[in-house]
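Structural characterization, general
Given next are the chains, with one letter for each unit.
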Amino acid sequence: MEQAKKKIVHKVKPAAAAPRLERVAAYCRVSTDLDGQRTSLEAQEEAFRAQIAARPEWELVGVYSDDGVSGTRAQNRPGFQRMIRDCEAGKIDYIVTKSISRFARNTMECLSYVRHLQSVGTQLLFQKENIDTGTAFSEMLLTVMAAFAQEESRSLSENLKWGIRKRFAEGKEKRVFVFGYLHLF
């Protein structure tokens, strides 16, 4: 009787897959196109690039920005719209922005975009308020903070209108240069 030969089998462990990096984008906005604001926008963009580069688990997708555009209507912000399209295309996992008021100044629009982005798999981090939409508590806090941002915008507008009416009532003129011509109001 011949002894059966045993086959030796070596189990090979599969190589551990490298953890997937979070694809992170930043959003910046300034509401006027004054030189000081342009400097602020450039500083924000550079700061976000550095913050994202400092996190080894993050991969920078891009810095999206709008220069000299109000945050009250997203449809008027081309950088914001491009970022939303990239999220819908599955290119962005996470958006970092300075504050809720930089993201949107309209409560309903802010919440609508946050919910839409979450539905396509994108979370947001609002640094100033320390709100991460990936947490359950963030929706309620975001609602309150977005309402404050909207009210701040409305209040600024009302203050400007009040100042103009007060100058008119006092008989003070406002000089506005339009296309090289002086126009008195």
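Up top is the structure.
Just so you know, the residues in each chain are numbered from 1, in the order the chain's sequence is written. The model is predicted, so local features are restricted to residues of pLDDT at least 70 and side-chain atom pairs to those at 80 or more, both for listing and for counting; the totals for chains, interfaces and linings are taken over all residues. Each side-chain value is derived from all of the structure's non-hydrogen atoms; neither hydrogens nor water enter the calculation.

**Side note on the packing of aromatic side chains**
- We call Phe, Tyr and Trp rings a pair once their centres come within 6.5 Å, taking the six-membered ring for Trp, and we label the pair stacked below 30 degrees between planes, edge-to-face above 60, and tilted otherwise. Under the defined criterion, the tally for this structure stands at five aromatic pairs.
- Between the aromatic rings of Trp58 and Tyr94, the centroid separation amounts to 5.6 Å while the plane-to-plane angle is 50°, which identifies the pairing as tilted. Placement of Trp58 in strand β2 (residues 58-67) and of Tyr94 in strand β3 (residues 94-97) is noted, with a sequence separation of 36 residues between them. The exposure classification of Trp58 matches that of Tyr94, with both residues buried.
- For the ring pair Phe103 and Phe126, a centre distance of 5.5 Å and an interplane angle of 80° mean the geometry is edge-to-face. Here a helix means four or more residues in a row that DSSP labels H or I, a strand means two or more in a row labelled E, and each is numbered from the N terminus. The classification of residues rests on relative accessible area computed with a 1.4 Å probe and restricted to protein chains. Under 20% of the type maximum is buried, over 50% is exposed, and intermediate values are partly exposed.

**Observations regarding unusual backbone geometry**
- Non-glycine residue Asn130 carries a positive phi angle of around 55°.
- Following the sequence through the fold, Asn130 ends up in the loop between β4 (123-126) and β5 (131-132).
- In this structure Asn130 comes out as exposed when scored by relative accessible area, which is 64%.

**A look at the nonpolar core**
- Residues belong to a common nonpolar core when they are buried Ala, Val, Leu, Ile, Met, Phe, Trp, Tyr or Cys residues joined through side-chain atoms within 4.5 Å. Core analysis: the largest hydrophobic core is formed by 20 residues, its most contacted members being Phe80, Met83, Ile95 and Phe103.
- Elements with a minimum of two residues in this core: β1 (22-30), α2 (78-88), α3 (100-103), α4 (107-119) and β4.
- Here a residue-residue contact requires only that any non-hydrogen atoms of the pair lie within 4.5 Å. Filtering out sequence-adjacent residues up to four positions away, Met83 remains in contact with Tyr27, Tyr64, Ile92, Ile95 and Phe103.
- If you look at the next biggest cluster of nonpolar residues, it comprises twelve residues, including Leu41, Ile52, Trp58 and Leu125.

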